[in-house]
Amino acid sequence: AGLLGISQAAGNQYADLPKIGLVTPGSAAEKAGIQPGDLILSVDGKPVVNQAQVLHQLRPKYEGDVVSVKVKR
C-alpha cells in the first residue's frame, strides 16, 4: 500500500475491515481524494473485505501502474 501512499488502520489484517489509517501528503492516494477513515471496498474491481485482501491485490503493482480503488466515506 506504500505505492498508493496509504497505511491501513492498526489491527488484525485478516479480521479487520480495510480502513485507511494514514494518507501520505503528496501521494497518489491524497491526489485521488482518499482520506483517513475511508473504508476500501474494492481494488481494481475486486471486492475486498479485510486488510490482507487489499495487500494481496496491491502487491503485484509497480510504481506508475494505474489502480482503481473504491472507497466508502
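Residues numbered from 1 in each chain as written. Predicted model: local features only at pLDDT ≥ 70, side-chain atom pairs only at ≥ 80, totals over all residues. Heavy atoms only, no water.

I'm lost on helix H2 (residues 51–58) in this one. Help?
Think of an α-helix as 3.6 residues a turn; residues three or four steps apart then line up on the same face. Buried within H2 we find Gln51, Ala52, Val54, Gln57 and Leu58. Along its buried surface, H2 packs onto strand E1 (6–8), strand E3 (39–43) and strand E4 (46–47). The distance from a side-chain oxygen at the start of H2 to the backbone nitrogen of alanine 52 is 3.2 Å, and the residue carrying that oxygen is asparagine 50. (Buried < 20%, exposed > 50% of the residue type's maximum accessible area, 1.4 Å probe, protein only. Helix = DSSP H or I, 4+ residues; strand = E, 2+ residues; numbered from the N terminus. Contact = heavy atoms within 4.5 Å. Polar contact = N/O pair within 3.5 Å; in protein donor to acceptor, adjacent residues only side chain to side chain.)

Got a minute to help me understand the pattern of salt bridges in this structure?
Any two side chains of opposite charge can pair, given that their charged atoms come close. Taken as a whole and assessed by the stated rule, the structure comprises two salt bridges. A salt bridge links lysine 61 to aspartate 44; its shortest N-O distance comes to 2.7 Å. Taken as a pair, lysine 61 in the loop between H2 and strand E5 (69–72) and aspartate 44 in the loop between E3 and E4 lie far apart in primary sequence, 17 residues in all. A relative accessible area of 24% places lysine 61 in the partly exposed class. Assessed through its relative accessible area of 31%, aspartate 44 is described here as partly exposed. (Salt bridge = Lys/Arg side-chain N within 4 Å of Asp/Glu carboxyl O.)

Explain the environment of valine 23 here, please?
Relative to the helices and strands, valine 23 is located in strand E2 (residues 20–23). By relative accessible area, valine 23 is classed as buried at 18%. Between the alpha carbons of valine 23 and glutamine 8 there is a distance of 9.0 Å; along the sequence they are 15 residues apart. Excluding residues that lie within four positions of it along the chain, valine 23 makes contacts with Gly5, Ile6, Ala29, Glu30, Ile34, Gln35 and Pro36.

As far as function goes, none of this settles anything; it's purely spatial.
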